[in-house]
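Single-letter residue listing:
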Amino acid sequence: MAVDNRRDVVLVVYDGTVVLDVAGPLQVLNGAGGYRTQLASPDGRSVHTDVGVRMDVDVALPDVDGPVDTLLVAGYPTAAGSRPPAILVEQVRRIGRRARRVASVCTGALVLAEAGLLAGRRATTHWATCDDLAARFPGVSVQPDAICVRDGPVLTSAGVTAGIDLALALVTEDLGVDRARTVAKYLVVFLQRPGGQAQFDMAGVRPATRDPVLRRVLDAVAARPSDEHSLAAMAARAAVSERHLTRLFRRETGTTPARYVEQVRVHTAQTLLDAGGGLTSIARTCGFGSAETMRRAFLRVAGVTPATYRRRFGTHELPGTAG
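Participant: Hey, could you go over helix α6 (residues 177–187) for me, with residue numbers and the actual values?
Facilitator: Ala180, Val183 and Ala184 are the residues of α6 that are buried. Looking straight down α6, one finds its buried side chains confined to an arc of 100°; they lie on one side. Seen from the buried face of α6, the exposed residues on the opposite side, beyond 90 degrees, are Asp178, Thr182, Lys185 and Tyr186. Tucked inside the fold, the buried residues of α6 contact α1 (19–32) and α5 (162–175). Following α6 by one or two positions, valine 188 adopts a phi angle in the positive range, close to 60°.

Below you can see the structure in the form of structure tokens.
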């Protein structure tokens, strides 16, 4: 009798699960071979995904009691501060503690965090949810620009299609890079996509703060990114010392004044690149001074050049300038 050496993967789904968080990893694992996958819901009943499509499951989470190689938790919409059900968190904690490996796609990281499986670890999630993860779980070291983060036996990935990146990483680890590359080519995706989440994040650059002094500074930078925003200039406008303003930035934004200004300028440039226009003109409008300065800032913040960003996301051709 042939021995079945496939790895058992339990993919956790529940009402509101993002359908691509499930479909992407399943497509990769099925294409790779070597895996036996089961969809599991809290009560064993079918679930309704975020787009309203019903998804049948194989087993109820409380009935998962055999060896589990990988527990993979899909994400869910987090609007209005929704929290995962208690039974889901309880079962993820139980199964995750004895699985060889635990992973999440998108906001599934919040489920892992609720279950205590991310405590003291590095992790990522969808760029729009990174601040929420960091605020609710201060013991988690959130990596907001990462597509996929591994910390020991726990892997987390960014939003939605990053589940494909995660699954390819699992295949690479289990079955080798050649197998993973073959699957990636068949699916017409990168084996390792270039850049990080910052190239997609257009909303998270202005952090919430209750400090009125810092709020005025942040609003001024966002409203007029091309103005002089050196530390000395911002501190003078806010009527505080440079040291105090630096402390405010560190405490409220987790970054330095210079880094924040650069992020705002890059995000402003992203919007202008989407709409068209020359690099030199956009660079001046955003306060970079030159296209080369903007290119270096893009690489630091978004992990790609302005030219590459426009090719991926813009609706206009770049007018004769290499990035």
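Picking up where we left off.
Participant: Quick rundown of the environment of threonine 280? Include the residues and the values.
Facilitator: The topology assignment puts threonine 280 in helix α11 (residues 279–285). Threonine 280 sits in the partly exposed class, given a relative accessible area of 40%. Measuring from C-alpha to C-alpha, the distance between threonine 280 and serine 290 comes to 5.9 Å, with 10 residues separating the pair along the chain.

Participant: Explain the environment of valine 19 residue by residue, including any values.
Facilitator: Relative to the assigned elements, valine 19 resides in helix α1. Residue class for valine 19 comes out partly exposed when judged on its relative accessible area of 25%. If near-sequence neighbours (up to four positions away) are discounted, valine 19 is found in contact with Thr49, Asp50, Val51 and Met55.

Participant: Lay out the nonpolar core with the relevant residues and their values.
Facilitator: Val12, Val92, Leu112 and Leu118 are the most contacted members of the largest nonpolar core, which totals 32 residues. Of all elements in the fold, only β1 (7–12), β6 (70–73), α2 (86–96), α3 (108–114) and α4 (130–136) reach the threshold of two or more residues within this core. Per element, the largest residue contribution to this core is five residues, and it comes from α3. Residues contacting leucine 112, with those up to four places away along its chain left out, are Val73, Val92, Val102, Ala103, Ser104, Leu117, Leu118, Val154 and Thr156.

Participant: Lay out unusual backbone geometry with the relevant residues and their values.
Facilitator: Residues other than glycine seldom take positive phi values, yet valine 160 does so here, at roughly 50°. Along the chain, the position of valine 160 falls in the loop between β11 (154–157) and α5. You can call valine 160 partly exposed: its relative accessible area is 25%. Although it is not a glycine, alanine 239 sits at a positive phi angle of roughly 60°.

Participant: Would you mind going over the pattern of salt bridges in detail, with residue names and values included?
Facilitator: If the charged atoms of two oppositely charged side chains come close together, the side chains can form a pair. The full count for this structure, using the stated rule, is 22 salt bridges. Here arginine 7 makes a salt bridge to aspartate 174, at a shortest N to O gap of 3.9 Å. Highlighted residues: arginine 7 in strand β1 and aspartate 174 in helix α5, separated in sequence by 167 residues. The exposure class assigned to arginine 7 is partly exposed, which follows from its relative accessible area of 24%. Salt-bridge contacts for arginine 36 lead to aspartate 8; the nearest nitrogen and oxygen are separated by 2.6 Å. One end of the pair, arginine 36, is in strand β2 (residues 35–41); the other, aspartate 8, is in strand β1, with 28 residues separating them in the sequence. By relative accessible area, which is 28% here, arginine 36 ends up partly exposed. Classification of aspartate 8 as partly exposed rests on a relative accessible area of 25%. Beyond isolated ion pairs, a larger network of salt bridges with shared partners links Arg7, Asp69, Arg100, Arg101, Arg150, Glu173 and Asp174.

Participant: Before we move on, could you go through the confidence of the model for the protein chain and cite the residues and values that matter?
Facilitator: Chain-level statistics for the protein chain give a pLDDT mean of 86 and a share of 89% at 70 or above. Contacts for the low-pLDDT stretch residues 315–323, under 50 throughout, to residues beyond four places or in other chains number 18 contacts.

Participant: Which residues make up α5, and what values go with them?
Facilitator: For α5, spanning 14 residues, the distance from its first C-alpha to its last is 20 Å, which sits close to the expected 20 Å at 1.5 Å a residue. Counting buried positions along α5 gives 10 out of 14 residues, so the element sits mostly inside the fold. Burial in α5 covers these residues: Ala162, Gly163, Ile164, Asp165, Leu166, Ala167, Leu168, Leu170, Val171 and Asp174.

Participant: Help me get a handle on the sheet that holds β2, residues and values and all.
Facilitator: Read across the open sheet, the seven strands follow the order β5-β2-β1-β6-β7-β11-β10; overall the sheet is mixed. Strand pairing shows two members of the sheet lacking a second neighbour, β5 (59–60) and β10 (148–151), which therefore form its edges. With four bridges connecting them, β6 and strand β7 (residues 101–104) associate as parallel partners. Within β7, the residue paired with valine 73 across the bridge is serine 104.

Cut-off values and rules
Residues numbered from 1 in each chain as written. Predicted model: local features only at pLDDT ≥ 70, side-chain atom pairs only at ≥ 80, totals over all residues. Heavy atoms only, no water. Buried < 20%, exposed > 50% of the residue type's maximum accessible area, 1.4 Å probe, protein only. Helix = DSSP H or I, 4+ residues; strand = E, 2+ residues; numbered from the N terminus. Arc of directions from axis to C-beta. Contact = heavy atoms within 4.5 Å. Core = buried A, V, L, I, M, F, W, Y, C linked by side-chain atoms within 4.5 Å. Salt bridge = Lys/Arg side-chain N within 4 Å of Asp/Glu carboxyl O. pLDDT = per-residue confidence, 0-100. Expected span 1.5 Å × (residues − 1). Pairing = 2+ DSSP bridges.

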